[in-house]
There are 2 protein chains.
Amino acid sequence: MASYTPPIRDMQFVLHEVLAVETAGIPGYEDLERDFTGAVLEEAGKISAEVLAPLNAVGDAQGCTLANGVVTTPEGFRDAYARICEGGWIGLDADPDYGGQGMPYLLGTAVGEMFVSANMAFNMYHGLTHGAYSTIRAHGSPEQKDMYLPRLVSGEWSGTMNLTEPQCGTDLGLIRTKAEPQEDGSYHVTGQKIWISGGEHDLTANIIHLVLARTPGAPEGTKGISLFIVPKFLPDADGNPGTRNGVTCGGLEHKMGIHGNATCVMHYDGATGFLVGKEHAGLRAMFTMMNEARIGVGLQGYAMGAAAHQQALAFARERLQGRAHGGAQAPDKPADPIIVHADVRRNLMAQKAFVEGARAFAFWGASLIDRAARADDAEAEALISLLTPVIKGFLTDKGFETAVAAQQTFGGSGYVREWGIEQMVRDARIAMIYEGTNGIQALDLVGRKLGQDGGKAVRAFFTTVAAFIEENRDDAEFARDFLDPLEAALADMQAASGYFLKQAAKHPQDALAGAYDFMHLFGHVALGLMWSRMAKAARAGLAGTAQDRDFLEAKLATGRFYMARELPATAFFRARIEAGGASVMALAPDAF
Amino acid sequence: MASYTPPIRDMQFVLHEVLAVETAGIPGYEDLERDFTGAVLEEAGKISAEVLAPLNAVGDAQGCTLANGVVTTPEGFRDAYARICEGGWIGLDADPDYGGQGMPYLLGTAVGEMFVSANMAFNMYHGLTHGAYSTIRAHGSPEQKDMYLPRLVSGEWSGTMNLTEPQCGTDLGLIRTKAEPQEDGSYHVTGQKIWISGGEHDLTANIIHLVLARTPGAPEGTKGISLFIVPKFLPDADGNPGTRNGVTCGGLEHKMGIHGNATCVMHYDGATGFLVGKEHAGLRAMFTMMNEARIGVGLQGYAMGAAAHQQALAFARERLQGRAHGGAQAPDKPADPIIVHADVRRNLMAQKAFVEGARAFAFWGASLIDRAARADDAEAEALISLLTPVIKGFLTDKGFETAVAAQQTFGGSGYVREWGIEQMVRDARIAMIYEGTNGIQALDLVGRKLGQDGGKAVRAFFTTVAAFIEENRDDAEFARDFLDPLEAALADMQAASGYFLKQAAKHPQDALAGAYDFMHLFGHVALGLMWSRMAKAARAGLAGTAQDRDFLEAKLATGRFYMARELPATAFFRARIEAGGASVMALAPDAF
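So, how was this worked out
- Residues numbered from 1 in each chain as written.
- Chains lettered and ligands numbered in written order.
- Predicted model: local features only at pLDDT ≥ 70, side-chain atom pairs only at ≥ 80, totals over all residues.
- Heavy atoms only, no water.
- Contact = heavy atoms within 4.5 Å.
- Buried area = accessible area lost by both parts, 1.4 Å probe.
- Salt bridge = Lys/Arg side-chain N within 4 Å of Asp/Glu carboxyl O.
- Polar contact = N/O pair within 3.5 Å; in protein donor to acceptor, adjacent residues only side chain to side chain.
- Helix = DSSP H or I, 4+ residues; strand = E, 2+ residues; numbered from the N terminus.
- Nonpolar A, V, L, I, M, F, W, Y, C, P; charged D, E, K, R; others polar.
- Buried < 20%, exposed > 50% of the residue type's maximum accessible area, 1.4 Å probe, protein only.
- Pairing = 2+ DSSP bridges.
- Expected span 1.5 Å × (residues − 1).
- Least-squares fit on C-alpha atoms with pLDDT ≥ 70 in both.
- Axes fitted to C-alpha atoms, helices over the stretch in contact; angles between N-to-C directions.
- Parallel < 35°, antiparallel > 145°, perpendicular 65-115°, else oblique.
- Left-handed = near helix turned anticlockwise from the far one by under 90°.
- Domains from an automatic or database assignment.
- Core = buried A, V, L, I, M, F, W, Y, C linked by side-chain atoms within 4.5 Å.

A.B. asks: Where do I start with the interface of chain B and chain A in this structure?
C.D. replies: How big an interface is tends to be stated in terms of the accessible area lost upon association of its parts. The interface is formed by 86 residues belonging to chain B together with 86 residues belonging to chain A. It is Tyr415, Arg565 and Phe592 of chain B in chain B that bury the most area against chain A; as a group they hold 13% of the surface buried on that side. Joining chain B to chain A, the criterion identifies 4 salt bridges. At the boundary of chain B and chain A, one finds 40 residue pairs in polar contact (both at pLDDT 80 or more). At 8 residues, the largest contribution of residues to the side of chain B that touches chain A is made by helix H17 (residues 549-566) of chain B. A class-by-class count of the residues in the side of chain B that touches chain A yields 44 nonpolar, 21 polar and 21 charged.

What follows is the structure in C-alpha cells.
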C-alpha cells in the first residue's frame, strides 16, 4: 500500500532559496522565516503521512454510499476531518476577521500539495469549502459574511459549487435552474445540478451550496445568471443549523476514481436561497471561485504526479530484475534493483523533473496571487490571470502523464490494486476534466488571455524570462546547460504568439486549432524558467557553505535533464502551431 | 453504454486498395477477393457488435469470481464463447490439418481488431489459446500436436502461458518452478506462477498450461529453462479430459481493468507436465508464443484506441455546448454539437489519424508475417522481427493515449462509469505493461534488433521508405503534403540510428537511454509511410471512378493532418536521442 513522505526539503528550497520569500517585498512574507515555514510544513506533513495517506486506499475501496438521502463517507474520514479542523488547516490563509490564520496563499499551496498527494479525494471536501469562503468574502453582503465565513473557515460547515446541469457543463448559458423571488427577499430555487463534489456527506453539521440559477425574466445566456447561497439547513438567528432546506442528494456518480469524494446529483425543490451580490452577476461571482479552483486543480495535477513518483522510486529501488549494463551493482543479490537500468532511470528522471519544476511553478504562481492581493500589484494580477489556464491545463496533463509513467515503473504490479499506484492514475485523471476541461483552458489562454490589453501580460512574461537570461549570461557553463535551451524555448514561444496575433483577425481557427499546443509550449517555458532559477539557487548554495551538497547537486542534475530532454518539446509545439488550422478543420463533422 | 460499429470499409481499404492483397504474391492471398474478405469481416463485425460489445460493461462490472477453486466468468461469457467456437473463429488462420481454416494471419488480424475493440477482456481467453496453439505446433512432438492442437483450434480447450513468478517478471532467469523427471518420461512440476491470464475459468472443458520451469541440475539463468505442457485435466487415451492434475488457482488479481478476464495465481503442486521440445530450450520455444503475443498486444493497443475514438466521435456529434466560431451551425438547437469546436476537432483528428495509421501498420505487419511463413521470405522475417517491438510498444502507448484523448472529448461524462469510455482507458492501460513492458520493447529494439546482421533489417526499412518517396516524386502536391514530411522524418530516424551505431561501443548507455524515444520515432516514421501509402491509394481512387469519393477525400485529409501535426514529433525524439545519456544517468540511485 502507498505511503507518503512529505517533500519538506524540496519545498523549503523553493520557498527560501529560489523565491527568497522573506525578502520578496510582499506584505506578510517577512514572517515566513525558514524555521516557521519548516514547522508548518512538518506539521502538515505529519497529518498527511499519518492521518490522510492511510485512508487513501480505504476511500477508494469503500467509496461513499447513499441511503435515505444520507451520504456516508468512508471509514475514518470523519475522524480525519476533525483533525483537519482542529489544526486550523482549512482557514490557514483565511482572513483573521473570520477566524482564519491570515497566512499567505503560498503557504496554503505548499500544505495543499501534501494533503492532495496523501489523499486527493478527502482533500476535496475542504478544498471546495475554501472556494465558497473566497466567493462569499468577495461578493457576499456583510450579514452573509458574518453568518457563513466563520463557520466555513473553522470547517464546522462545508461549501460546494453548483454549476453543471445535465444539458450544460462548459456552456453555462444553458442553465435552467430557476430562482423565484419571495416577499422576504429570499428566493425559491428549483432545478437539478449534477457532478456536485461534496454535495452531501456526513462530515459537517451544515453544507453551504453556491448555486447558479436564473431569476424570472433574466436575459438569455450567461448574462442572466445569478448566484445564490442555498444552505442544507437554514441557519437560525443564532447561526445554528435550523430548518432542513429543500435540497437533497438524488444520487451518487460511479466514477473512475476519487471514490472517497461524494459526487452528487442535487435536487433543488423550492429550496430557500439567498442572492449573492447583484442579480445577473452570478457568473462573475462564480469566477472568483472558479479561478481559485483552477489553480487548486493544477496543484492536484502535479501533487498526484509527486505522490506517484514517490511510489515508483521506492519500487525501483526494491524490485530486483536483471543486471546493470556493465556489471552487477548488487552482486550479493539475485539481481540488481531496476533503478540501475537506463530506461527505468529515464522514466524516473522525467517524473522527478516534472514534479519539482511544477512545484516551483505552482509556488511562484501562488506568490503572484499573494503579491496581487497583498501588495495590490496589478501586474502580478494580470500575470497570474494569464498563467492560471497554464497551471490548470499543463500541470494536470503532465501530472496525469507522470502518474501513468510512475505506474509503468511498477511493471505488472502497477496494474494491481493492492500496490496503490493504479488508484493514483485513476484519481489524477479527473483533474484534466473538471473546473473547465483542459481544452477550455487552452481556449481561455489563447482566445482570451493572450491578447488581453494588447498582449501586455504575455510580454511581461517574455521580459521576465529574457531578463533572467541576460542577468546570468556571464557564467558559461550555466549558459550552456540552462540559458541557451531556455532562450531557444522562449524564441519558440514568441514565434507561436506572433503567429497567433498575426492570424487572429484573418484565420481565427488557426489560433484556436493551435491553442492546446500553445498551452503546453507555455508550460514548458515556464518550467524551463523555474529549472533555471532552481539551478541558479543550487549553484549559489554549492558555491557557498551549504551543508546538503548532494541535494543541491541533484537539483542541478535534474535541471540539466529537463533542459536537455523535455524543454526541446517547444520546437515540436511551435511546428504544430505554425502548421495552422487547415488540416484540423478540413473534415466536415459527418465526414469523420 | 458503449456500442460498436465494425470499420469494414476502412479495413477493406487497407486490404485491397493499399496492400492490394490479391496480387501481393503471397501464397493464399490470391483467394482474398474483396467479396470474400467482405463476407468474413461482416460476419466478424456482426458477432463483435451484437454478441461481444454488449458484454463489455457486464464483464467490467461483474468481473470474475473464485470460490472453492472454481472461477466463474461474467454472465454471458459462456454463451459468447460458444458462439466464437461455433463460428470457427479461433482457428481462422490455423492449420487445416488440425481443424483450422487455413486463412492468412492478416485476416485473423482484421478480425482480431474487431473482437478486441468490442470486448478486450473476453477476447484474451481465446487469444492466448492461439498462442499456445502456435507454440505446440512449432515445438511440440507429433503426439502432442495430435492430442492438443485440434482441441485448441476448436476452442474446446483453452491455452495459457505461465512465465511470471513473484520474484521474476522481465528477468526470467530467476525462475524457480521445478520440473522433476518421472520414470514414464513425464515431469512433476512444482511452483507458483502469477498474473496468468485465463489460468482458470468456466469456458472450456480443459485448460492447457504452457509452463516454464527448471529441471534438476539445469544451468542457472535463462539457459536452464524448459517448457512444459501441464493440462488441467490429464487427457485419457481417447483425448478426453481425465484425471484432475495438481494445478490450482490460488487467487484472482484485483486489477485496474480487463475485469472480465481471470488473472490467476497458479499453484503447481507436483502437477504432471510434458516437456515441449528439448530440455533447456524452453525460453526459445516460449518466444514463439511471446512474439505472437507481442504483436497481438500491439493490436490490442490500437484496437482500444479505435473503440474509444468511435465513442468520442458519437458523443461529439450529439453533445450540444456553445456555438461554433463564426456562427451557429445548428441554429434550431439550443447549442451546436461540440464537434464544431476547433479544439474538439483537433482531438478527434488526432485520434482518427492514429487509429487509421495504426491499422494500416498492423495489417502491413501481419502481411509480413504471412510473407515470411507462406513464401518463406527471410527478408520479411527479419523486418517483422525488427518491427515487432515497435508494433507492441508504439501502438500500445499511442493506443492508450488515444483512449485518454477520447475520454477527454466526453468532458465530465468521460469520468463516469455509465458511459463506458473510462473502462476503455482502464482496459487499454495493461497493453503497455504485459508481454514485456514497453521499456523492454524499446531495449529489444535498440539493444538487440537494430544492430542485428549489421543493421540489415533497419536498412531494408530505410530503403522501403526511400524507394516509396523516389517512386512518387513526380506529383508536386503529393510530394509537398506527404513525401517531404516523410523524407524529413526518415532523415531524423537515420540520424538517430547512426548516433546509436556510433555510440554503441563507447557509450552504450547513450543508446539505451534513448531507446524509448527511438521506438516512438520509428513508430511515427512507420505511420508516416502508411499514411503516404494510403494517400496514394486514395488519390488513385479519386482519379478513377471510385464511388465513395467522400471516404477517399477523408482519408487524404486525415493523412495530411498526420503529416502536418503528428509526424514532426520525429525531430523532438531525435533531439532527445542526440542529447545522449549523460543527463539520464547523472543521478546516483540514492540521490533521487
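A.B. asks: Can you walk me through the environment of Pro216 of chain A in this structure?
C.D. replies: Residue and element names in this part refer to chain A. Inspection of the secondary structure puts Pro216 in the loop between strand E6 (206-214) and strand E7 (225-231). You can call Pro216 partly exposed: its relative accessible area is 49%. Separated by 51 residues in the primary sequence, Pro216 and Glu165 place their C-alpha atoms 18 Å from one another.

A.B. asks: Quick question: what am I supposed to make of the pairing of strand E5 (residues 187-197) of chain B here?
C.D. replies: One face of the sheet, then the other: side chains in a regular strand alternate in exactly this way. Residues and elements named next belong to chain B. Pairing of strand E4 (residues 178-181) with E5, which is carried by 4 bridges, proceeds in the antiparallel orientation. Paired with Pro181 across the strands is Tyr187, a residue of E5. As consecutive antiparallel partners, E4 and E5 are separated by 5 residues, and within that stretch Gly185 has a phi angle of approximately 95°, a positive value.

A.B. asks: Before we go on, may I ask you to explain helix H17 (residues 549-566) of chain A in this structure?
C.D. replies: Side chains that are three or four residues apart share a direction in an α-helix, a result of its 3.6 residues per turn. Counted at 1.5 Å a residue, the expected span for H17 of chain A with its 18 residues is 26 Å, and the 25 Å between its end C-alpha atoms agrees. Of all 18 residues in H17 of chain A, 13 are buried, a share of seventy percent or more.

A.B. asks: Just to check I follow, could you spell out the relation of the copies chain B and chain A for this structure?
C.D. replies: Here the two chain copies are tied together by a rotation about an axis and a shift along that axis. Superposition record for chain B on chain A: RMSD 0.0 Å, screw rotation 180°, translation along axis 0.0 Å. Seen this way, the second copy is the image of the first under a two-fold rotation axis. Proximity to the rotation axis, assessed at the C-alpha, singles out Phe572 of chain B in chain B; its C-alpha lies 3.1 Å from the axis. Most of the interface of chain B is mirrored in chain A, where 100% of its interface residues again form contacts.

A.B. asks: I keep staring at the pattern of salt bridges and nothing clicks. Help me out?
C.D. replies: Side-chain pairs of opposite charge can arise where the charged atoms are in close proximity. The tally for this structure, following the rule as stated, stands at 65 salt bridges over all chains. Here Glu113 of chain A and Arg359 of chain A are joined by a salt bridge, their closest N and O atoms 2.8 Å apart. Linking Glu113 of chain A in helix H5 (residues 105-118) with Arg359 of chain A in helix H9 (residues 342-374), this pair joins segments that are 246 residues apart in sequence. The pair Glu113 of chain A / Arg359 of chain A is uniform in exposure class, with both members buried. Between Asp95 of chain B and Arg137 of chain B there is a salt bridge, with its nearest N and O atoms 3.2 Å apart. Here the residue Asp95 of chain B occupies a position in the loop between helix H4 (77-86) and helix H5 (105-118), and Arg137 of chain B occupies one in helix H6 (residues 120-139), the gap between them amounting to 42 residues. The exposure class of Asp95 of chain B is buried, given its relative accessible area of 15%. Classification of Arg137 of chain B by relative accessible area gives partly exposed; the value is 38%. One network of salt bridges, in which partners are shared, links Asp475, Glu477, Arg480, Asp481, Arg539 and Arg560 of chain A.

A.B. asks: Sorry, what's going on with the packing of helix H8 (residues 282-318) of chain B against helix H9 (residues 342-374) of chain B here?
C.D. replies: Two packed helices can be described by the angle between their axes and the distance between those axes. Residues and elements named next belong to chain B. Orientation of H8 relative to H9, taken along the N-to-C sense of each, is 150°, at an axis distance of 9 Å. The angle between H8 and H9 places the two elements in the roughly antiparallel class. Here H8 runs over H9; the crossing is left-handed. Between H8 and H9, the residues in contact are Ile295, Tyr302, Gly305, Ala306, His309, Ala312, Leu313 and Ala316 and Val344, Leu348, Gln351, Lys352, Phe354, Val355, Ala358, Arg359, Ala362, Phe363 and Ile369, respectively. Grouping the amino acids of the contact of H8 with H9 by side-chain chemistry returns 14 nonpolar, 3 polar and 2 charged.

A.B. asks: Would you mind showing me how to read the domain arrangement of chain A here?
C.D. replies: All names here are of chain A. Assigned domains within chain A: domain 1 (8-138), domain 2 (159-281) and domain 3 (438-584). The distance between the C-alpha centroids of domain 1 and domain 3 comes to 30 Å. In this complex, domain 1 contributes 7 residues to the contact, which on the side of domain 3 involves 8 residues. The contact between domain 1 and domain 3 buries some 660 Å² in all, and 67% of this surface belongs to carbon and sulfur atoms. Three residues, Arg9, Phe13 and Val18, lead the burial of domain 1 against domain 3; their summed loss comes to 69% of the area buried on that side. The salt bridge partner of Arg9 is Asp548, with a shortest N-O separation of 2.4 Å. Applying the counting criterion to the domain 1 and domain 3 interface returns 2 residue pairs in polar contact (both at pLDDT 80 or more).

A.B. asks: Would you take a moment to explain the nonpolar core for this structure?
C.D. replies: Generally speaking, nonpolar side chains in soluble globular proteins are found buried as a group. Formed by 356 residues in total, the largest nonpolar core has its most connected members in Phe461 of chain A together with Phe461 of chain B. Not counting chain neighbours up to four residues away, the residues in contact with Phe461 of chain A comprise Trp364, Leu383, Met493, Phe522, Val525, Ala526 and Leu529 of chain A.

A.B. asks: Where do I start with the packing of helix H10 (residues 378-409) of chain B against helix H13 (residues 456-471) of chain B in this structure?
C.D. replies: All names here are of chain B. In the contact formed by H10 and H13, the axes pass within 9 Å of each other and the chain directions differ by 95°. Classed by the angle they form, the pair H10 and H13 counts as roughly perpendicular. Here H10 contributes Ala382, Leu383, Leu386 and Leu387 to the contact with H13, which in turn contributes Ala457, Val458 and Phe461. Residues belonging to the contact of H10 with H13 are distributed by class as follows: 7 nonpolar, no polar and no charged.

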